[in-house]
Amino acid sequence: NTSIPEKKGVMKFSEMKTYKDKKIIVTNEIPSMTQIGIHPAYTFIEDKLILTSNEEVMKTIIDRINVNAPDFTLEKNADFEKIIRMIGSKNNSLGFINLSPLISMIGSFSAGQPNSSEMVANLKKFHAIGFNSVNDNYGVLGKIIIIADLDQINFDKLLSPAGKGNVELNKNKATFY
């Protein structure tokens with residue numbers, strides 16, 4: 001028997017769909033995620049793994065890639081270019097997350113909550129995250145780079161609702177402890 005036993009609350013990839021010749025894997029519905037509109041989906045486009053919060057977002061990405069939308073290619077994304085320059089070209093894996101859509105989603109979820117508008121305004125100063133891994137003689141090394149407007153972020157408001165925690169903010173680096 002090769003079936004995987006069901007576990008309550010555990011996500012499993014359950015359905016393969018096709019949209020414009022691209023195979024999309026869409027997860028089953030988990031009530032806690034469904035309530036906030038998240039049904040993760042993924043596909044490969046050329047040599048890139050595309051992971052989205054739901055099937056409709058995936059279809060939008062495929063549509064925009066198919067028409068070569070000039071504002072949509074990674075090669076023309078200013079934050080992606082910055083991350084590539086900082087990480088370098090020697091990579092075994094490379095990841096990029098455009099934070100703007102995620103922050104918009106957080107804004108929608110938190111609307112009406114105490115201090116949510118201030119929190120979202122702070123989060124909007126974060127633009128992208130890039131990460132990589134490189135195999136070398138000593139093991140696997142990696143970097144994580146966050147593109148943000150550090151001088152415009154109120155880190156005390158991001159750390160905790162009570163404002164606890166410490167932040168050291170230098171021109172190009174923020175250290176949390």
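Before reading on, note that the structure itself is shown above.
Being a predicted model, the structure only gives us computed values, none of them experimental.

So, on to the packing of aromatic side chains. The full count for this structure, using the stated rule, is two aromatic pairs. The interplanar angle of 90 degrees and the centroid separation of 6.5 Å between the aromatic rings of Tyr42 and Phe44 together place this pair among those described as edge-to-face. Ring centres of Phe80 and Phe96 lie 5.3 Å apart, and the angle between their planes is 85 degrees; on these two criteria the pair is classed as edge-to-face. One end of the pair, Phe80, is in helix 3 (residues 78-87); the other, Phe96, is in strand 5 (residues 93-98), and 16 residues separate them in sequence. On the basis of relative accessibility, which here comes to 22%, the residue Phe96 falls in the partly exposed class.

With that settled, the discussion passes to the pairing of strand 3 (residues 41-45). Where burial is concerned, the two faces of strand 3 differ: the one with Ala41, Thr43 and Ile45 is buried and the one with Tyr42 and Phe44 is not. With two bridges joining them, strand 2 (residues 22-27) and strand 3 adopt antiparallel strand pairing. Across the sheet, the residue bridging to Val26 is Ala41, located in strand 3. As paired elements, strand 3 and strand 4 (residues 48-52) share five bridges and run antiparallel to each other. Looking across to strand 4, one finds that Ala41 is bridged to Thr52.

About the cut-offs
Residues numbered from 1 in each chain as written. Predicted model: local features only at pLDDT ≥ 70, side-chain atom pairs only at ≥ 80, totals over all residues. Heavy atoms only, no water. Phe/Tyr/Trp six-rings, centres within 6.5 Å; stacked < 30°, edge-to-face > 60°. Helix = DSSP H or I, 4+ residues; strand = E, 2+ residues; numbered from the N terminus. Buried < 20%, exposed > 50% of the residue type's maximum accessible area, 1.4 Å probe, protein only. Pairing = 2+ DSSP bridges.

By themselves, these observations are geometric and do not establish any function.
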